Amino acid sequence: MAAIGKSKAGLDKNNKYDRQLRLWGDHGQTALETSRVCLINASATGTEILKNLILPGIGSFTVVDGHKVQGEDVGNNFFLTKDSIGQSRAKFATEYLSELNEDVSGDFMEEHPESLLESNSDFFSQFTIVVATNLCERTLLKLGKCLWEKNIPLLICRCYGFIGYMRLVVREHRVIESHPDNAHEDLRLDRPFKGLVQYIDSIDLNTMNKKDHSHTPWLIVLYKYLQEWKEKHAGELPKVYREKNQLKDIIREGIRRNEEGVLEDEENFDEAIKAVNTALNPTKISSQIQELFNDDECTNLHSESSNFWILVRALKEFVENEGNGALPLRGTIPDMTADSERYIQLQNVYHEQADSDISIISNKVHDLLVNIGRGGNITDQEIKTFCKNAAFLRLVRCRSLEQEYSEDSDKLKDLSHHIDDEEPDDVIFYVLLRAIDSFYDKYNCFPGWYTDQVESDVIKLKTCLSKLMHDWGLNCMIKDDYIHEMCRYGASELHTMSAFIGGAAAQEVIKIITHQFIPFNNTYIYNAMKQTSVTIEL
Amino acid sequence: MSCDWPGRWCHVQKFIERTGPFAHPDFEPSSESLGFLQETCKLLIIGAGGLGCELLKDLALIGFKNIDIIDMDTIDVSNLNRQFLFRPKDVGRPKADVAADFINTRIPGANVTPHYAKIQDYDESFYRGFHIVVCGLDSIVARRWINGMLVSMLQYEDGELQQESLVPMVDGGTEGFKGNARVILPGMTACVECTLDLYPPQVNFPLCTIAHTPRLPEHCIEYVRILLWPKEHPFGEDVPIDGDEPKHIQWIMDKSLERANEFNISGITYRLTQGVVKRIIPAVASTNAVIAAACSTEVFKLATSCTVPLNNYMNFNDTEGIYTYTFEAERKEDCMACSKIPKSITFSESDKLQDIITYLQESAEYQMKSPGLTTNIKGKNKTLYMPTIKSIEEKTRENLKKTLSELEFVNGQELYVADPTTPMTLTFKLSLGSNME
C-alpha cells in the first residue's frame, strides 16, 4: 500500500480508486500512476480514450495535434467548446481533459505528427505507449516503423460511421497475471505430494464421530475413496464416464446411515461426488506454457533478458527436475463444507508445498541471474506472483504494420474466408476501410464526404476496392450494399462510436501498462449496426 | 437555433439525411429528423452513476436535448474514478443535480432536468411523458420495477397492441470488465422478467458456516456483520452499519480479525471488510463507457430508424481480448410481467402461508424480495400478509403459520401479490391439492 497515498485534493486514493483497485490491485495502480501516454490527434475518439485513462489515474498524458478546432470537432467532442473554434485543438483538449483528475499531469504539443516524426522522432521515446487516431495511411506506417524500432507499443483507433477499428502493435507483451475467468483448481489428487499423503493418511474416516465425519473436507473424502478405486484398478485413475460413475458409487456407499438405515445428510460427501467430474483432471502443462519453454528467449538467456524470461527459464528447469513434469503448486483450495480446523490444516498443507516450490524456483532465479551476468534483482514478491500464476502466463506478439501492409502477406490472402459468403463476418469492414484509405490517398478526400458526391464516390470506391483485392490476390466479391453504406458514412465520427472505442481502447492501454489481463491480437472490428465484433490477426 | 454553429451536427446529419442499404424499412432520410431529436423527442435516463454520466454525455452529443435524469443517490469519493461529471467539491451533493448542471453548462442547448428521487416516487403519468427510457442501474430490483411499469402502460385494442402506448427501454449493466446492453420493446420482445434467469442469484454464506465453522476471512466478516453487530451495538442502540463510515468498518475489521485469529484464518484487510459489508462490485470507467455507448447508439437508432436496432441482447467482456456475444433473447410465453397469462401455483391444504411466500422468494422464476399478499374470501378483501407497513405486518404475522385450509382457501383461489420488484399487483391462481402428498 506504500505507493498509494493522498491525492492532490487530499482525498484518500484508496478511497477514490477503490472500485478499480479491486480489479488490478495496488501494484497495477502503481504501474498506471507511473505511465506516460501519448495521444496523437485530439479527435472525439482520441479524447474519449484519454478520458478513460485519466479517470483511473495514469501518470501523465501528452496530446500531439497540429489541427485548429473546427465546428464539427466541437459537435462530437466533449472536451472542446464553441469558444475554442479556430484555436489549437491540442491546447484546448488538454485543458478540459486535465480537469478530470488533478493527480494526472497533462501536456500538449501543437504540431502535426508527420513533421514531428521528421524533425524529432526521439520525442516518442519517452512514452509507455502511443495511441493514434485519425492518421492517414502514410503517416501511420511511418509512425509504426519508428515505434517498432524503439519497441514502444502503439494502439491505432478509428471510428468510421457505424464501424470501429483498432490495431495493436506491440513486439512482445508479457502477462503474468492474466486473471482467467474460469480457472481449474490445482489440487494434485492424481499425483499427491508427500505432505498431502501424510496428512490424509493421518485421518481415519471409519473411527470418526458423526459430526466429524460429515465435516471432513470433500478433498479428503474423495482422496480416500480414490485410493480404494486405484487399488482395484492397477493404480489407474478413473478416466471414462463409466469409471467415474463407479467411483461415485463407492463414495456414495461411504455415506453414514442412522439407526433406521436411512442415509444421513452429509453435504461433504455430495460435494465429493460432484468433484469426481472436475477435480480428477490429470495435472499437465498446457501447450501455451510449453510454447514459452520452447521459445528462443527462454532457451537462450542473455545478459539483457527480461525478468519474465528468466522466470520462465527457472520454471522450465523446475518442471524438468524437482517438479517431475508439473508446475509449482498454486497452493490454494476452494471453499468446501468442513470444520474450521481441518479446512485450515488442509489449506496449510497446500500452502507449505507451494512455499517450498517457490523457494526452489527462487534459488534457480538467483543462479540464473549470476550465470548470465545480469544486474538488477527479481524480488521475492515477483517470484511468488509468478509461481502462483504459472499456469496462466501469456505472451502476445503482434505482427508489425509493415508485415500487415506487405502485399504478399498470407494473412491478406486468407481474408477471403471471411468475406466470400452470403453473410460475411465483420472482417469485411477491414477490407473496406483499407479501400477507403486508398481512395483518400488518391483523391485526398473521404468517399461520401460531400453529400452531392455520394453516388459518384460509390463508383470510385468500388474501383479502389477492386484494385486492392486484385493486388492481394483475393478473388471474391463484396456486395455493393457495403460500398454504399461506407459512402453514406462519409467519414462521419458519431460521438457514441467514439465513446465505445474510447472505452475499449482505454482498457487495452491499461492492460499494456499493468501487464494484467490479455490484450487482443492484433485487429479488432466493431460493427455497431449489429452490435457485433471480431478479432483477427493481420 | 441560436446556440448552433456551422458544422456542429454534420457527423449526426450524415446518418439521418442519407439513406443506406442497412437502414430500417421505415427510414425516410430528412433534414427534419434532427429537429425531431432536438425539439420533440423526450428521453429519460434512470441512474446518474457510472453508466448514467456516460449516457447523458453521449445522448446530448448526438442531438437529444430534452433529457430527464433520475437518481436517488448522492456523490461519494469512490465514484470519482469513473463518474466523470463529478469533482471532489461535489461529494455529498445529489448525483442527478450535479450531472444535469454539468451537461447544461458544457453543451449549448442541452435541456437536462434532474430528479433527485426514487423511480417509485413517480407514477404512470410521469413515465408516459417519454419516448424512450434508458437505464444505467446497478439494482436488479429497480430494473424489474421500471420494466413492470413500462409493460403496465401498454394498451391493447381487440387484443392488438397499440403502438403509441409502447415506450422502448434500452438497458445497460456492468460489473468489472463485463457488461451487457439490450433493447426491450415491451409487449413485443423479451422483457426483463422474461430473462430473469440471466441474472445470477445472490450468493449468501450459510448461517451455520458463519456461526460455527468459518473457513474464509469473508465468513468472519459476515459473522461480525450479521451476528455480533446487533448484539453489541458498538455505536449505540439502533445505529445500523454505515459502510461509508470508516469507524464502523474499522470496528468490524478489528472484531473480524479477532475471530479470524481464533480459527487461524488469514487474509482480513480493510478493503476486504468494506467489500463484504457493502457488497461492493468492482467498476472501471472503460466498461461503463463501452456499455453506455452501445446503449446510446441503440437510442439513436430507435429515435431515427437510421439502422435496424439491436435484436436484442449484447454481452461484452474484455478480460481476455475483447469479446462480444450478440443474441436474440426470447420472450417467455407465460412471463409474469408481459404475457397477460395469470400465473398458476400449486400447493396443498396443509401447506402454510409462509410456504407460498418462501416459494415466491426462492423460485428462479419469481425471485421476489418481500411479497405482500391479499385475497378475496367470500366477497371480502382480506390482507393475508403485508411486510412493508410495520403495524399491519405485526397484525398479519400470525397468518404465516396458518395452513391454507385454516385460511379458508379454495381451489382456484386468487392471490394478489405486491412486491418491490414490480409496480403492478400480480394475480396468482392457486391450484389447491388435498393432503395426499
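Since we're looking at a predicted model, the values are computed, not measured. (Residues numbered from 1 in each chain as written. Chains lettered and ligands numbered in written order. Predicted model: local features only at pLDDT ≥ 70, side-chain atom pairs only at ≥ 80, totals over all residues. Heavy atoms only, no water.)

A. Structural detail: the overall build of chain A. Counting secondary structure elements, chain A contains 24 helices and 10 strands. Each principal axis of the C-alpha atoms in chain A carries an extent, and together these give about 90 × 55 × 50 Å. A separation threshold of at least 6 residues defines the contact pool for chain A, and within that pool the share at least 24 residues apart is 70%. As displayed, chain A offers around 22400 Å² of accessible surface, 46% of which is attributable to carbon and sulfur atoms. Here chain A carries 59 positive and 85 negative side-chain charges, and the mean point of each set is 1 Å from the other. (Helix = DSSP H or I, 4+ residues; strand = E, 2+ residues; numbered from the N terminus. Contact = heavy atoms within 4.5 Å. Areas by Shrake-Rupley, 256 points an atom, 1.4 Å probe, with all protein chains shown as cover. Lys, Arg positive; Asp, Glu negative; His and termini not counted. Charge placed at Lys NZ, Arg CZ, Asp CG, Glu CD.)

B. Geometry of the interface of chain A and chain B. At the junction of the two partners, chain A supplies 87 residues and chain B supplies 83 residues. Among the residues of chain A in contact with chain B, Arg19(A), Phe78(A) and Arg488(A) are the three that bury the most area, contributing 14% of the side total. Applying the counting rule to chain A against chain B returns seven salt bridges. With its nearest N and O atoms 3.1 Å apart, the salt bridge here joins Arg394(A) to Glu320(B). Between the two partners, chain A and chain B, sit 43 residue pairs in polar contact (both at pLDDT 80 or more). (Buried area = accessible area lost by both parts, 1.4 Å probe. Salt bridge = Lys/Arg side-chain N within 4 Å of Asp/Glu carboxyl O. Polar contact = N/O pair within 3.5 Å; in protein donor to acceptor, adjacent residues only side chain to side chain.)

C. Representation of the pattern of salt bridges in the model. The tally for this structure, following the rule as stated, stands at 58 salt bridges over all chains. Two residues, Lys178(B) and Asp181(A), come together in a salt bridge whose shortest N-O distance is 3.5 Å. With Lys178(B) in strand S8 (residues 178–184) and Asp181(A) in the loop between strand S7 (173–175) and helix H8 (194–201), this pair bridges two chains. According to the relative accessible area criterion, Asp181(A) is partly exposed, its value standing at 41%. Between Lys460(A) and Asp457(A) there is a salt bridge, with the nearest N and O atoms lying 4.0 Å from each other. Placement of both Lys460(A) and Asp457(A) in helix H22 (residues 454–471) is noted, with a separation of three residues, approximately one turn of the helix. (Buried < 20%, exposed > 50% of the residue type's maximum accessible area, 1.4 Å probe, protein only.)

D. Looking closely at the environment of Ile200(A). Take Ile200(A): it is sitting in helix H8. It is 7.9 Å that separates the C-alpha atoms of Ile200(A) and Lys224(A), two residues lying 24 residues apart in sequence.

E. Expanded view of the sheet that holds strand S4 (residues 129–133) of chain A. All names here are of chain A. Taken in spatial order, the eight strands make up an open sheet running S3-S2-S1-S4-S5-S6-S9-S10, and their pairing is mixed. Each edge of the open sheet is held by one strand with a lone partner, namely strand S3 (105–109) and strand S10 (532–536). In this sheet, neighbouring strand axes are inclined to one another by 15° on average, regardless of whether the strands run parallel or antiparallel. Strand direction decides the pairing type here: strand S6 (residues 163–169) and strand S9 (residues 523–527), joined by five bridges, are antiparallel. If you follow Met166 over to S9, its bridge partner there is Tyr524. Across the sheet, helix H5 (residues 89–98) is in contact with strand S2 (60–64) and S3; its angle to S3 comes to roughly 175°. (Pairing = 2+ DSSP bridges. Axes fitted to C-alpha atoms, helices over the stretch in contact; angles between N-to-C directions.)

F. Representation of the domain arrangement of chain A within the structure. Here the domain parsing of chain A yields domain 1 (2–174 + 494–536), domain 2 (194–279), domain 3 (287–334 + 346–396) and domain 4 (401–489). For domain 2 of chain A versus domain 4 of chain A, the distance between C-alpha centres works out to 62 Å. (Domains from an automatic or database assignment.)

G. Layout of a nonpolar patch on the surface. Where nonpolar side chains cluster on the molecular surface, the patch consists of Leu207(B), Ile226(B) and Leu227(B) and spans about 230 Å² of accessible area. With respect to the helices and strands, Leu227(B) occurs in helix H8 (residues 217–232). (Patch = residues over 30% accessible without salt bridge, like charges linked within 9 Å, V, L, I, M, F, W, Y side chains within 5 Å.)

H. Just the nonpolar core, in detail. Among the nonpolar cores identified, the biggest contains 176 residues, and Phe124(A), Phe64(B) and Phe300(B) are the most heavily contacted of them. Considering every element that reaches this core, the biggest residue donor is helix H24 (residues 495–514) of chain A, with 11 residues. Residue contributions to this core reach at least three from each of two domains, namely domain 1 (2–174 + 494–536) and domain 4 (401–489) of chain A. Ignoring anything within four residues of it in the chain, the contact list for Phe64(B) reads Leu37(B), Cys41(B), Leu43(B), Leu59(B), Val299(B), Phe300(B) and Ala303(B). Ranked by size, the runner-up nonpolar core spans 57 residues in total, among them Ile203(A), Leu346(A), Tyr223(B) and Ile268(B). (Core = buried A, V, L, I, M, F, W, Y, C linked by side-chain atoms within 4.5 Å.)

I. Geometry of the packing of aromatic side chains. Counting across every chain of the model gives 34 aromatic pairs over all chains. Residues Phe78(A) and Phe102(B) carry aromatic rings whose centres are separated by 6.0 Å and whose planes lie at 20° to one another, so their mutual orientation is stacked. Linking Phe78(A) in the loop between helix H4 (71–76) and H5 with Phe102(B) in helix H4 (residues 95–106), this pair reaches from one chain into another. Ring centres of Phe308(A) and Trp309(A) lie 5.2 Å apart, and the angle between their planes is 85°; on these two criteria the pair is classed as edge-to-face. Taken together, the ring pairs in this structure connect Tyr122(B), Phe126(B), Tyr127(B), Phe130(B) and Trp145(B) into an aromatic cluster. The ring of Tyr223(B) has Arg259(B) sitting right over it, with the charged end atom 3.5 Å from the ring centre. (Phe/Tyr/Trp six-rings, centres within 6.5 Å; stacked < 30°, edge-to-face > 60°. Lys NZ or Arg CZ within 6 Å of the ring centre and 35° of its normal.)

J. Seen up close, the packing of helix H3 (residues 50–61) of chain B against H4(B). Residue and element names in this part refer to chain B. For the pair H3 and H4, interaxial distance at closest approach is 10 Å and the crossing angle is 25°. If you check the angle between H3 and H4, you find them roughly parallel. Judged by the twist between their axes, the crossing of H3 over H4 is right-handed. Between H3 and H4, the contacting residues are Leu56, Lys57 and Ala60 on the first element and Ala99, Ala100 and Ile103 on the second. Among the residues making up the contact of H3 with H4, the classes are represented as five nonpolar, no polar and one charged. (Parallel < 35°, antiparallel > 145°, perpendicular 65-115°, else oblique. Left-handed = near helix turned anticlockwise from the far one by under 90°. Nonpolar A, V, L, I, M, F, W, Y, C, P; charged D, E, K, R; others polar.)

K. Up close: the confidence of the model for chain B. Per-residue pLDDT for chain B has a mean of 94; in total, 99% of the residues score no lower than 70. Across the predicted assembly, pTM comes out at 0.95 and ipTM at 0.96. (pLDDT = per-residue confidence, 0-100.)

L. Focus on the packing of helix H10 (residues 218–232) of chain A against helix H12 (residues 267–278) of chain A. Residue and element names in this part refer to chain A. Following both chains from N to C, one finds H10 and H12 inclined at 60°, their axes separated by 8 Å at the closest point. Regarding H10 and H12, the two cross each other, and that crossing is right-handed. Judged by residue contacts, Trp218, Val221, Leu222 and Tyr225 of H10 engage Asn268, Phe269, Glu271, Ala272, Ala275 and Val276 from H12. Class assignment for the residues of the contact of H10 with H12 results in eight nonpolar, one polar and one charged.

M. Seen up close, unusual backbone geometry. Note that the residue after Asn521(A), namely Asn522(A), is joined by a cis bond; omega there is -5°. By the element assignment, Asn522(A) lies in the loop between H24 and S9. Asn311(B) connects to Asn312(B) through a cis peptide bond whose omega is -15°. Of note, Asn312(B) is situated in the loop between helix H11 (285–304) and strand S9 (313–317). Of note, Asp238(B) is a non-glycine position whose phi angle comes to about 60°, a positive value. Positionally, Asp238(B) belongs in the loop between H8 and helix H9 (246–262). Although it is not a glycine, Lys378(B) adopts a positive phi angle of roughly 50°. Secondary-structure assignment places Lys378(B) in the loop between strand S12 (372–377) and strand S13 (380–385). For Lys378(B), a relative accessible area of 71% puts it in the exposed group.

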